[in-house]
Amino acid sequence: MKVAIVGATGLVGNVMLKVLEERNFPLDELLLVASERSVGKKIKFKGKDISVISIPTAIEAKPDIALFSAGGSTSLEWAPKFAEVGTTVIDNSSAWRMDSSKKLIVPEINANELTKSDKIIANPNCSTIQMVMALAPLHNKYKIKRIVVSTYQSVSGTGVKAVEQMENEILGKKGDMAYPYPIHKNAIPHCDIFEDNGYTKEEMKLVNETQKILSDRTIAVTATAVRIPTAGGHSEAINVEFENAFDITEVRQLLSNTDGITIQDNLETNSYPMPMYAHGKDDVFVGRIRRDGSQPNTLNMWVVSDNLRKGAATNTVQIAEFLIGNALV
Ligand SMILES: NC(=O)c1ccc[n+]([C@@H]2O[C@H](COP(=O)([O-])OP(=O)(O)OC[C@H]3O[C@@H](n4cnc5c(N)ncnc54)[C@H](OP(=O)(O)O)[C@@H]3O)[C@@H](O)[C@H]2O)c1
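Residues numbered from 1 in each chain as written. Predicted model: local features only at pLDDT ≥ 70, side-chain atom pairs only at ≥ 80, totals over all residues. Heavy atoms only, no water.

## Quick notes on the overall build of the chain
Part 1 of the argument: Across its full length, the chain holds ten helices and 13 strands.
Part 2 of the argument: Dimensions of the chain along its principal axes, counting C-alpha atoms only, are 60 × 50 × 40 Å.
Part 3 of the argument: Counting over 329 residues, the chain shows a buried share of 51%.
Part 4 of the argument: Pairs at least 24 residues apart make up 67% of the contacts formed inside the chain by residues separated by at least 6 positions.
Part 5 of the argument: Accessible surface computed for the chain: about 14,600 Å², of which carbon and sulfur atoms make up 50%.
Part 6 of the argument: Taken as two groups, the 36 positive and 39 negative side-chain charges of the chain have centres that lie 2 Å from each other. (Helix = DSSP H or I, 4+ residues; strand = E, 2+ residues; numbered from the N terminus. Buried < 20%, exposed > 50% of the residue type's maximum accessible area, 1.4 Å probe, protein only. Contact = heavy atoms within 4.5 Å. Areas by Shrake-Rupley, 256 points an atom, 1.4 Å probe, with all protein chains shown as cover. Lys, Arg positive; Asp, Glu negative; His and termini not counted. Charge placed at Lys NZ, Arg CZ, Asp CG, Glu CD.)

## Considerations on the side chain of N300
Part 1 of the argument: Inspection of the secondary structure puts N300 in strand 13 (residues 298–305).
Part 2 of the argument: Those residues in contact with N300 that lie beyond four places of it in its chain are I238, N239, R288, I289, R290 and D292.

## Focus on the site of the ligand
Part 1 of the argument: Around the ligand, the surrounding shell holds 26 residues, and the nearest of these are T9, V12, S35, R37 and S38.
Part 2 of the argument: Contact between the ligand and N307: an oxygen atom at 3.0 Å from a side-chain N or O atom of the residue.
Part 3 of the argument: The protein chains hide 78% of the 900 Å² of surface that the ligand would expose on its own.
Part 4 of the argument: A majority-of-atoms criterion places the ligand in the largest pocket.
Part 5 of the argument: Where the shell around the ligand is concerned, the elements lending two or more residues are helix 1 (11–22) and helix 10 (309–325).
Part 6 of the argument: Looking at the shell around the ligand residue by residue, the class counts come to ten nonpolar, 15 polar and one charged. (Near = heavy atom within 4 Å. Polar contact = N/O pair within 3.5 Å; in protein donor to acceptor, adjacent residues only side chain to side chain. 1 Å grid on protein atoms, 1.4 Å probe; cavity = no way out; pocket = protein on both sides within 12 Å on 5 of 7 lines; lining within 4 Å. Sits in = over half its atoms within 2 Å of the grid points. Nonpolar A, V, L, I, M, F, W, Y, C, P; charged D, E, K, R; others polar.)

## Regarding the packing of helix 5 (residues 126–142) against helix 8 (residues 248–256)
Part 1 of the argument: Closest axis-to-axis distance for the helix 5/helix 8 pair is 9 Å, and the angle between their directions is 125 degrees. In terms of axis orientation, helix 5 runs oblique to helix 8. At the point where helix 5 passes helix 8, the crossing takes the right-handed sense. On the side of helix 5, the interface is formed by A134, P137, L138, K141 and Y142, while helix 8 contributes E250, V251, L254 and L255.
Part 2 of the argument: Here the contact of helix 5 with helix 8 is composed, by residue class, of seven nonpolar, no polar and two charged. (Axes fitted to C-alpha atoms, helices over the stretch in contact; angles between N-to-C directions. Parallel < 35°, antiparallel > 145°, perpendicular 65-115°, else oblique. Left-handed = near helix turned anticlockwise from the far one by under 90°.)

## Observations regarding the sheet that holds strand 10 (residues 234–242)
Part 1 of the argument: Spatial strand order, 9-8-10-13-12-11: six strands in an open sheet with mixed pairing. Each of the sheet's edge strands pairs with one partner strand only, and the pair in question is strand 9 (220–227) and strand 11 (261–263). Adjacent strand axes in the sheet meet at a mean angle of 20 degrees when their direction is disregarded.
Part 2 of the argument: Relative to strand 13, strand 10 runs antiparallel, the two being bridged by eight bridges. (Pairing = 2+ DSSP bridges.)

## Quick word on the sheet that holds strand 5 (residues 65–68)
Part 1 of the argument: Strands sit in the order 2-1-5-6-7 across an open sheet of five strands; the sheet is parallel. Bordering the open sheet on either side are strand 2 (29–33) and strand 7 (120–122), each of which pairs with just one other strand. Averaged over all pairs of adjacent strands, the angle between strand axes in this sheet comes to 20 degrees, irrespective of strand direction.
Part 2 of the argument: One ladder, built from four bridges, connects strand 5 with strand 6 (residues 88–91); its direction is parallel. Directly across from F68, in strand 6, lies its bridge partner D91.

Shown next, in the form of structure tokens:
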């Protein structure tokens, strides 16, 4: 397998390298790709230095798979050019997610939709991935009617520049701002850009991507996305109303039987998910599971995951593993 990481110098690219190494991904050659600014930089993989190359050089090398995490405009311009030379692209940006000709994949939920002819595959947004991971098994059993979600998202979800902004603010240093306001000691109800309907793009991703992944356009979703000063790991307060009645013990059972989910929910020992402890892990952590007594068939839960792992790099690598394992590449 010849694999390229496009955006290898970024936050997600860096975690992709770690995940490929940890999972012993079957690699014959790894191409590390970034913007022209980074060409020639050395990055370590399995103890060896690899030089960063440009996108055109990587296309000439015709990799089997390209893992993209270099922003939407880079994906829009370059993913089709990789696809033309036969590369299968798995893209982390929002560029292709809602394109009806592209699949939006969380392997535990819908990898079986993939075929050999899918040359550009979209990885969902980080906040969507952890939410659908926790909801898919419940949707299959009780059918979701409506979701109300509030997110508490870490600065690493915005990229290197935002992490630097927070670190500078903690140290009292001046520097570039990734956000319109300070993030240290703050909460900013503004993730990604505002749309005409008054919601942010991040909030609308939670609506549209959830419906697409769960293949059900009737699911009503409303979201408020908030940036908070945590370094890694997004948290979500999810209120979900089902068509059918549920039993709390069965809900816990369904979640604990789902690959990639860990339940942390013991009030006696103060056990509940937190981003500090989800950091660096691949699972989606679910806790504070409780019935919403204010209306029938409604559940509250608190869902936390590392946005750079399952929310991005790990999910992408899992898609690549599925393609290889099923001879789709
Ligand atoms: N952070 C998250 O939690 C998260 C989660 C899911 C999806 N994503 C998506 O993943 C992508 C990367 O996010 P990130 O957080 O890793 O951002 P980042 O830390 O800012 O890294 C951006 C990467 O893209 C490269 N790049 C930028 N412009 C390029 C160009 N014109 N040609 C080639 N490479 C270019 C950069 O290379 P240089 O170093 O050379 O500039 C760098 O490697 C974004 O699309 C983001 O929406 C992020």
